[in-house]
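Architecture and fold: a report
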Amino acid sequence: MALLEVSSLDAGYGDLQILENVDLEVADGEYVTIVGPNGAGKSTVMKSVFGLTTYMGGHVAFAEREIAGMRPEEIIHHGLGYVPQNDNVFSTLSVRENLEMGAYILDEVPDRRLQSVFDRFPILEERQQQKAGTLSGGQQQMLAMGRALMLEPDLLLLDEPSAGLAPDLVDDMFDRIDEINGGGTAVLMVEQNAKEALRRCDRGYVLVQGQNRYVDSGDVLLADEQVRRDFLGG
């Protein structure tokens, strides 16, 4: 049974439709990647699941509950965490304050949740009093993921997590995502580094012009000559 089920989704921004009849599933604990050319609507799928676009039709169900048309502040209560590509930390707040903001819907922040994030990202514990805006790009991405994990979501949505990172930090970021998924959290990721993302994920979707083009295991998509030639640079 799918944890997340997107079917015949139409969505966009205002009157501009970007997605047409998109289908997508993520099973409990699964690691799924969306790849495709620039402008394909990859990030729009992610934002649509989290209620950040104009819903135009179709269904988005999470844990068998229809969430299409819900606002993000409602969706977060149902077990989804979202890490946007840009502006994903509160730069003037400390690292610790950013993490506490991730649990704002709780009456108080359990120490065990903070410690769980610190155990996963030790550098954040070392710099918990430091302003988030003074962290490196890689550390800010860790902080954004840590904040999303504060509510212990069943599904973590990641939009271009390696964007802007130095090449030597990209593998480390993917390793950390692998660890999060290995701990039982399902992951749905949009990623510009398509080859590496497909190597690591369970299944991949290739999106083109707002529509599904291919879906299969990551290994199968990597081995498909047509997919490699058209979308992965050969």
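Our subject in this report is the structure included herewith. (Residues numbered from 1 in each chain as written. Predicted model: local features only at pLDDT ≥ 70, side-chain atom pairs only at ≥ 80, totals over all residues. Heavy atoms only, no water.)

Here the focus is the overall build of the protein chain. On a plain count of helices and strands, the protein chain comes out with 10 helices and 10 strands. Computed over its C-alpha atoms, the radius of gyration of the protein chain comes to 17 Å, within 12% of the 17 Å expected for a compact globule of 234 residues. With the C-alpha coordinates of the protein chain rotated into their principal frame, the extents come out at 50 × 40 × 35 Å. Scored against the burial criterion, the 234 residues of the protein chain give a buried share of 49%. The contacts of the protein chain with a sequence gap of at least 6 include a subset with a gap of at least 24, amounting to 67%. (Helix = DSSP H or I, 4+ residues; strand = E, 2+ residues; numbered from the N terminus. Rg over C-alpha atoms; globule rule 2.2 N^0.38 Å. Buried < 20%, exposed > 50% of the residue type's maximum accessible area, 1.4 Å probe, protein only. Contact = heavy atoms within 4.5 Å.)

Below, the discussion takes up helix α4 (residues 111–120). Residues of α4 that are buried include every one of Arg113, Leu114, Val117 and Phe118, and no others. Looking down the long axis of α4, one finds its buried residues gathered within 140° of arc, a one-sided arrangement. Of the exposed residues in α4, those oriented more than 90 degrees away from the buried face are Asp111, Arg112 and Asp119. Residues of α4 that are buried make contact with α3 (95–101), α5 (122–126) and α6 (137–149). (Arc of directions from axis to C-beta.)

Glancing now at the sheet that holds strand β4 (residues 54–62). Strand order in the open sheet formed by four strands is β2-β1-β4-β5, and the pairing between neighbours is antiparallel. Only two strands of the sheet have a single neighbouring strand rather than two, namely β2 (16–27) and β5 (65–66). (Pairing = 2+ DSSP bridges.)

Let us look at the nonpolar core. Ranked by internal contacts, the top residues of the largest apolar core, which has 74 residues, are Leu4, Leu24, Leu155, Leu157 and Leu188. The element best represented in this core is α6, accounting for six residues. The contacts of Leu157, once residues within four sequence positions are left out, are Met46, Val49, Phe50, Leu80, Gly81, Tyr82, Val83 and Leu188. (Core = buried A, V, L, I, M, F, W, Y, C linked by side-chain atoms within 4.5 Å.)

Here the focus is the side chain of Arg113. Topologically, Arg113 is positioned in helix α4. The buried category is assigned to Arg113, whose relative accessible area is 15%. Excluding residues within four positions of it along the chain, Arg113 makes contact with Leu106, Met150, Leu151 and Glu152.

Once that is clear, we can look at the sheet that holds strand β9 (residues 203–208). Taken together, the six strands give an open sheet; going across it, the order is β6-β7-β8-β3-β9-β10, and neighbouring strands pair in mixed fashion. Two strands in the sheet have a free side with no partner beyond their single neighbour: β6 (80–83) and β10 (211–217). For this sheet the average axis-to-axis angle between neighbouring strands, irrespective of direction, equals 15°. One ladder, built from four bridges, connects strand β3 (residues 31–35) with β9; its direction is parallel. (Axes fitted to C-alpha atoms, helices over the stretch in contact; angles between N-to-C directions.)

What follows concerns the pairing of strand β8 (residues 186–190). Burial within β8 is extensive, with five of its five residues counted as buried. Here β8 shows two buried faces, one formed by Ala186, Leu188 and Val190 and the other by Val187 and Met189. As paired elements, β3 and β8 share four bridges and run parallel to each other. Within β8, the residue paired with Thr33 across the bridge is Met189. Bridging between strand β7 (residues 155–159) and β8 involves five bridges; their strand directions are parallel. Residue Leu157 lies in a different strand from β8, and its bridge partner there is Leu188. Taking the sense of rotation as the criterion, the β-α-β connection linking β7, helix α7 (residues 167–182) and β8 turns out right-handed. (Right-handed = clockwise from strand over helix to strand, strands pointing away.)

Glancing now at the layout of surface pockets. Estimated volume of the largest pocket: approximately 490 Å³. Lining the largest pocket are 26 residues, with Phe50, Ile76, Tyr82, Tyr104 and Arg147 sitting closest to its centre. Within the residue set of the lining of the largest pocket, elements represented by two or more residues are α2 (72–75), β6 and α6. Taken together, the residues of the lining of the largest pocket sort by class into 16 nonpolar, six polar and four charged. As a volume, the second largest pocket reaches approximately 270 Å³. (1 Å grid on protein atoms, 1.4 Å probe; cavity = no way out; pocket = protein on both sides within 12 Å on 5 of 7 lines; lining within 4 Å. Points joined across faces, edges and corners; volume = space filled by probe spheres on them. Nonpolar A, V, L, I, M, F, W, Y, C, P; charged D, E, K, R; others polar.)

Turning next to the packing of aromatic side chains. Summed over all chains, the structure comprises two aromatic pairs. Seen from their ring centres, Tyr214 and Phe231 are 6.2 Å apart, and the 70° between their planes marks the pair as edge-to-face. Remark: Phe231 occurs in helix α10 (residues 225–231) and Tyr214 occurs in strand β10; sequence separation between them is 17 residues. Accessibility expressed as a relative area gives 25% for Tyr214, which makes it partly exposed. (Phe/Tyr/Trp six-rings, centres within 6.5 Å; stacked < 30°, edge-to-face > 60°.)

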